[in-house]
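Structure assessment
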Amino acid sequence: MIDNNYLQSLIEKPQKISNLKFEDISQILKQAKDIFNEEELLLEFKLLDNKEEVYVIGDIHGNLHSLLNILEIIKKGKPKIIIFLGDIVDRGIKQLECLIIILALKILNPNKVFLLKGNHETLEMNQYYGFFQEFVQKFNDKEKFTEILDVYQVLPFCAIINNKIISLHGGIPEDIEILKKLKGLKHEDINSVFKSVAEGLYQIIWNDPKERLKGFAESFRGPGIKFFGEDVFNNFLKSNNLKYLIRAHECFPEGYRWFFNNRLLSIFSSANYRGFYSPNPASYAIVRNDKIFPINIEVS
Ligand SMILES: [Mn+2]
């Protein structure tokens, strides 16, 4: 039986996760899915005073060591809200552990912990970068992976803090109206507007900022994916009455990186992502009093 005490014990002793039967994993996936299913695709948070904090966490990619370090920081800092920007699995060596820990945190703290969709919360990426194979090898059944996809399917795409700071996985889309289209919608409503938002949602989880670029440009990442320059970025923020963007999706050797005159912050929360010969610190962001404080951890 997966009760709250048991979920808490998984967070404290992640090695227990490797021994879980699929039936246990399945219960956790269903509980998490039911919670995400009730959330809106565009989350909105209000901090009540200048001391309350939101912690924003970037890509984890199966790096359990980095995730556990971040959980320690969360325990000490006691933020009001924690937002994971997606890309929890693929590439690292403890992918299932990272996903189950974050889903357990969500089930235990549904109004405090949030998970947004990244481009790796998709079947295509999991098949290409390892999570699908890890999962099928472990549970011996491709069909069971549909329960993972059912969770991905209902994840929200962006979160706005105090009407000023938007956080999402990749970047702004070409569709400047997308936030207005998404406002108030839940997953169950998406079919009615799918055609008008599909491209924008894809770009939200895939796009990247680029300094000295004007407008949008094709990305090397693939068809339909764009780089965006400072001009279109500022237009997007202005027309949506926003001041800042916090995103993840790219790993930089120095940890976090500011773009566009300190209006866009890029964070990445998996340390030494490309191995110890190409080190990077893990980074995250604290939002307090409508300001953004980026922090590097695990500096080697
Ligand atoms: Mn990504």
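Structure's up top.
First, a word on what this report is: a plain description of the structure on this page.

Here is what the cut-offs are and how they apply
Residues numbered from 1 in each chain as written. Predicted model: local features only at pLDDT ≥ 70, side-chain atom pairs only at ≥ 80, totals over all residues. Heavy atoms only, no water. Donors = N, O, S within 2.8 Å, 3.2 Å for Na, K, Ca; no water. Helix = DSSP H or I, 4+ residues; strand = E, 2+ residues; numbered from the N terminus. Buried < 20%, exposed > 50% of the residue type's maximum accessible area, 1.4 Å probe, protein only. Pairing = 2+ DSSP bridges. Axes fitted to C-alpha atoms, helices over the stretch in contact; angles between N-to-C directions.

The next subject is the coordination of the manganese ion. Coordination sphere of the manganese ion, protein contribution only: D87 (OD), N119 (OD1), H169 (NE2) and H249 (ND1), at 2.2 Å. Motif for the manganese ion, donor spacing along one chain: D-x31-N-x49-H-x79-H. Taken together, the residues span a long stretch of sequence, with N119 in the loop between β4 (113–115) and α5 (123–129) and H169 in the loop between β6 (165–168) and α8 (178–182) at a distance of 50 residues. Side by side, N119 and H169 carry an identical accessibility label, which is buried.

So, on to the sheet that holds strand β8 (residues 216–218). Across the sheet, which stays open at both edges, the 3 strands sit in the order β7-β9-β8 with mixed pairing between neighbours. Two strands close off the open sheet at either side, each with one partner strand: β7 (208–209) and β8. Strand direction decides the pairing type here: β7 and strand β9 (residues 226–228), joined by 2 bridges, are parallel. Among the inter-strand pairings, D208 is bridged to a residue of β9, identified as F227.

Right, let's get into the sheet that holds β6. Spatially, β1-β5-β6-β10-β12-β11 is the arrangement adopted by the 6 strands of the open sheet, whose pairing is mixed. In this open sheet, the two edge strands, each paired with only one partner strand, are β1 (42–45) and β11 (257–259). The sheet shows a mean angle of 20° between the axes of neighbouring strands, taken without regard to direction. Both strand β10 (residues 244–247) and strand β12 (residues 264–266) contribute to a ladder of 3 bridges, which runs parallel.

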